[in-house]
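Below are the chains, spelled out letter by letter.
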Amino acid sequence: MRQRMRDALVGRIYDTLLKPSDWMELLETLSAWTPAGDTAAGESPQQELEGLIGHMERAAEGSAYMHRLEDQNHLLTRIYHSMPWPMLMLADDMSVVSCNTAAQQALVADSPLQLQANGTLVFRDATLKQKLRHVISMAGGRQTQLLSASTEPLTLLCMPFEKSDAEGSIARVRVVVWVLASQHVVVPSPESLQSTFKLSQAEGRLLHLLCKIGNLNQCADLLSVSIHTARTQLKSVMAKVEVNSQVQLVSQAMNLSLLQSSTELQCAGAQERTMTLADGRVLSWYEYGPARGRPVLMLENIGSSIPDHSRFEDWYQEQGLRVIVVVRPGYGLSTARPDFQFRDFGADLKALCKHLHIERPVMAAYCCGGAYALCTAALHPDFFERVGVLGSTVPIEHFELDKLDRIHRMFLQVFQRDPRLFVLIGKLALRGSRQAPEKFFLYLAKGLTKRDKSLLTDPDILQSIIRQQKLRHFQGARILIDEYINLQHSWQTDLAQIRIPTLLWHGEDDAIISIGSARSLAASIPVARFRAIPGQGRFLVFDMWKEFLSELLELPADKARLNTQASAS
């Protein structure tokens with residue numbers, strides 16, 4: 001019987017390697033498993049544990065390899081689909097492996113190049129088709145090439161693609177083709193070309209048109225100059241750009257356009273700003289509200305994805321609040337820091353404020369961000385004007401462990417059995433959660449209260465969280481495991497040293513950090529003003545953020561030193 005149970009667990013481990021989105025089922029099985037001696041095998045409990053860890057390590061290794069392949073495919077697809085003009089991925093036989101939405105919309109009937117439903121291309125210009133076949137065969141080398149139709153306003157920018165060893169459609173791609181036609185071409189502006197390559201105004205206009213139509217005679221006509229003048233300007237431009245042919249010249253300019261387009265897409269919404277710290281690390285942040293508003297630093301939850309402050313932008317503007325969302329090391333563009341503890345963030349926050357010329361800001365945090373905020377307030381007593389935490393996590397000594405929700409209770413059980421198991425299942429979980437984030441949040445919602453379930457099953461809120469996660473996990477999500485491990489240890493900080501006005505709000509129905517745990521935390525901070533919010537759980541930030549921030553900003557120093565139990569009532 002014991003052997004069958006262990007075999008089933010090992011099978012579940014390798015099933016998760018093949019289907020990582022099922023990692024939650026592995027967590028359930030693993031949390032219920034207890035090592036015991038096996039008479040038949042002659043193993044001690046420790047030997048059984050080590051054997052299981054060996055299987056987990058092999059599964060994690062295989063998962064990491066598959067993760068790399070998936071990421072390569074994901075990266076290519078992301079770049080491919082983010083470009084603003086029609087784009088095709090072509091196989092050896094010139095069939096379309098994949099295409100973006102712009103291609104589906106533009107390459108229709110009556111266009112010089114048509115994309116049919118079965119993935120074949122129909123050319124009106126037979127010569128252009130022959131040129132493209134020459135590129136696909138690699139007979140022209142592997143450099144980017146520009147092909148122009150002789151009878152149509154159509155140009156193809158072709159980039160031969162290194163063959164992938166990964167299995168699947170990605171292995172069939174030989175050439176990536178951008179379709180540039182007069183009605184939908186996107187090229188650098190004359191001004192940007194002039195500035196980038198130090199061209200004259202006339203040269204910038206000429207290069208812009210060359211990128212657009214690819215024919216020097218037509219460019220001369222459109223610019224109302226002689227072909228001799230156009231050739232002279234072209235020669236000057238080629239010398240400044242340091243290329244030897246018109247094809248190389250246009251390729252250089254189009255590469256600039258690709259870069260510009262990618263940058264614009266990455267900066268959609270709020271811009272992630274950066275500074276370099278004294279030790280060479282990068283620290284990043286986002287800003288909302290007026291640039292000259294009252295500064296409020298903000299730290300997000302574990303996972304660093306909640307809340308999405310764009311939903312509060314208008315309110316921040318109305319209230320005159322400059323909200324600075326600081327991205328912790330390991331998230332976004334902020335450089336990961338080995339062995340980073342909650343108590344270590346104060347120096348980075350002080351460096352940021354010095355960089356932004358801010359003195360004594362307000363600090364408002366949510367969830368795990370509260371650990372960093374409270375430790376900083378205790379260790380740097382004159383840094384913040386006041387500090388507030390909505391739905392804070394708590395030090396391990398304040399945890400009511402018997403009141404944890406199901407998934408976090410299982411995490412704790414696995415961690416207590418052996419931290420190595422926790423890290424290994426975490427690695428499998430990161431891949432699974434990335435592949436099926438909705439599945440994880442729906443699984444999490446099962447163990448939460450009614451209001452939290454309704455929030456996590458709201459399609460708009462769920463997609464907002466997932467978008468935020470993708471932004472914050474730019475460097476990978478390994479930092480999540482590190483923060484969970486930190487939560488299993490003491491914060492190594494005496495929170496009784498906090499002397500500034502402190503506000504703590506917590507949902508009475510929080511199924512992850514119980515209201516009793518939150519009260520215990522508040523009692524350890526003599527100046528804390530605590531409020532239990534009826535009907536709210538872990539995700540109260542979606543309902544209560546504006547009210548919480550308003551009370552924090554109005555909290556007077558002489559009323560901050562309230563007894564926790566009295567204020568809770």
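None of the values given here were measured: they were computed from a predicted structure.

(A) Summary view of unusual backbone geometry. Geometrically, the link from Ile306 to Pro307 is a cis peptide bond, its omega value of 0° lying close to zero. Within the element layout of this structure, Pro307 appears in the loop between strand S10 (294–299) and helix H11 (313–319). At Asp339, a position not held by glycine, the phi torsion is positive, near 55°. Along the polypeptide, Asp339 turns up in the loop between strand S11 (321–327) and helix H12 (346–356). For Cys367, which is not glycine, the phi torsion reads 55° and is therefore positive. By secondary structure assignment, the location of Cys367 is in the loop between strand S12 (362–366) and helix H13 (369–379). Classification of Cys367 by relative accessible area gives buried; the value is 8%.

(B) The nonpolar core, seen in detail. Ranked by internal contacts, the top residues of the largest apolar core, which has 130 residues, are Trp545 and Leu549. Those residues in contact with Leu549 that lie beyond four places of it in its chain are Val296, Trp315, Tyr316, Leu321 and Ala364. Core analysis: the second largest hydrophobic core is formed by 33 residues, Phe161, Val173, Leu193 and Met238 among them.

(C) Inspection of the sheet that holds S11 at higher detail. Pairing within the open sheet is mixed, and its eight strands lie in the order S8-S9-S11-S10-S12-S13-S14-S15. For this open sheet the edge positions go to strand S8 (273–276) and strand S15 (528–533), each flanked by a neighbour on one side alone. Neighbour to neighbour, the strand axes of the sheet diverge by 20° on average, direction disregarded. In the sheet, strand S13 (residues 386–390) pairs with strand S14 (residues 502–507) via four bridges, with the strands oriented parallel. From the neighbouring strand, Val387 faces S14, where its bridge partner is Thr502. Along the sheet face, H12 touches S8, strand S9 (282–288), S10, S11 and S12 and points at about 60° away from the line of S9. Against the sheet, H13 engages S10, S12, S13 and S14, with an angle of about 150° to S12.

(D) Up close: the packing of helix H2 (residues 23–32) against helix H14 (residues 406–417). Taken N-terminus to C-terminus, the directions of H2 and H14 make an angle of 55°; their axes are 9 Å apart at the nearest point. Relative to H14, the element H2 lies oblique. As H2 packs across H14, the resulting crossing turns out to be left-handed. Contact residues: Trp23, Leu27, Glu28, Leu30 and Ser31 in H2; Arg406, Ile407, Met410, Phe411, Gln413, Val414 and Arg417 in H14. Classifying every residue of the contact of H2 with H14 by side-chain character gives seven nonpolar, two polar and three charged.

(E) Layout of H12. Every buried residue belonging to H12 is among Gly346, Asp348, Leu349, Leu352, Cys353 and Leu356, and all of these are buried. Summarising the axial view, the buried residues of H12 lie within an arc of 165°, below the 170-degree limit, and thus occupy one face. On its buried side, H12 packs onto S8, S9, S10, S11, S12 and H13. His357 sits one or two positions beyond H12 and adopts a positive phi of about 60°.

(F) Spotlight on the packing of aromatic side chains. For the structure on display, the rule yields 17 aromatic pairs. Taken together, a centroid distance of 5.7 Å and an interplanar angle of 75° make the contact between Phe345 and Tyr372 edge-to-face. Remark: Tyr372 occurs in helix H13 and Phe345 occurs in the loop between S11 and H12; sequence separation between them is 27 residues. For the pair shown, Phe345 and Tyr372 are each scored as buried.

(G) Fine view of the pattern of salt bridges. Applying the stated criterion across every chain, the model contains 21 salt bridges. Arg420 is the partner of Asp418 in a salt bridge, and the nearest nitrogen-oxygen pair spans 2.9 Å. The exposure class assigned to Asp418 is buried, which follows from its relative accessible area of 10%. Under the relative-accessibility criterion, Arg420 is labelled partly exposed at 36%. One network of salt bridges, with partners in common, ties together Lys19, Asp22 and Lys439.

(H) Just the environment of Ile396, in detail. Among the structural elements, Ile396 can be located in the loop between S13 and H14. Sequence-wise, Ile396 and Leu487 are 91 residues apart; in three dimensions their C-alpha atoms are separated by 6.6 Å. Sequence-distant contacts of Ile396, defined by excluding residues within four places in its chain, comprise Leu401, Leu487, Gln488, His489 and Ser490.

(I) Expanded view of the environment of Ser251. By secondary structure assignment, the location of Ser251 is in helix H10 (residues 246–266). Not counting the four nearest positions on each side in its chain, Ser251 is found in contact with Thr144 and Leu157.

(J) Helix H21 (residues 541–554), seen in detail. With 14 residues, H21 ought to run about 20 Å at 1.5 Å a step, and its terminal C-alpha atoms sit 19 Å apart, in line with that. The axis of H21 is deflected most strongly, by about 25°, at Glu547. What H21 keeps buried is the set Val541, Phe542, Met544, Trp545, Phe548, Leu549, Glu551, Leu552 and Leu553.

(K) Quick look at the confidence of the model for the protein chain. Chain-level statistics for the protein chain give a pLDDT mean of 85 and a share of 88% at 70 or above. A low-confidence stretch, residues 558–569 (pLDDT under 50), is modelled with 22 contacts involving residues beyond four sequence positions or located in other chains.

(L) The packing of helix H6 (residues 190–197) against helix H7 (residues 201–213), seen in detail. One can describe the packing of H6 onto H7 by two numbers: an axis separation of 8 Å at closest approach and a directional angle of 120°. When the axis of H6 is compared with that of H7, the two are oblique. In terms of crossing hand, the pair formed by H6 and H7 is right-handed. In contact with Pro190, Leu193, Gln194 and Phe197 of H6, H7 contributes Gln201, Gly204, Arg205, Leu207 and His208. Of the residues in the contact of H6 with H7, the class split is four nonpolar, four polar and one charged.

Rules used throughout
Residues numbered from 1 in each chain as written. Predicted model: local features only at pLDDT ≥ 70, side-chain atom pairs only at ≥ 80, totals over all residues. Heavy atoms only, no water. Helix = DSSP H or I, 4+ residues; strand = E, 2+ residues; numbered from the N terminus. Buried < 20%, exposed > 50% of the residue type's maximum accessible area, 1.4 Å probe, protein only. Core = buried A, V, L, I, M, F, W, Y, C linked by side-chain atoms within 4.5 Å. Contact = heavy atoms within 4.5 Å. Pairing = 2+ DSSP bridges. Axes fitted to C-alpha atoms, helices over the stretch in contact; angles between N-to-C directions. Parallel < 35°, antiparallel > 145°, perpendicular 65-115°, else oblique. Left-handed = near helix turned anticlockwise from the far one by under 90°. Nonpolar A, V, L, I, M, F, W, Y, C, P; charged D, E, K, R; others polar. Arc of directions from axis to C-beta. Phe/Tyr/Trp six-rings, centres within 6.5 Å; stacked < 30°, edge-to-face > 60°. Salt bridge = Lys/Arg side-chain N within 4 Å of Asp/Glu carboxyl O. Expected span 1.5 Å × (residues − 1). Bend = angle between axes of the 7 residues up to and from the residue. pLDDT = per-residue confidence, 0-100.

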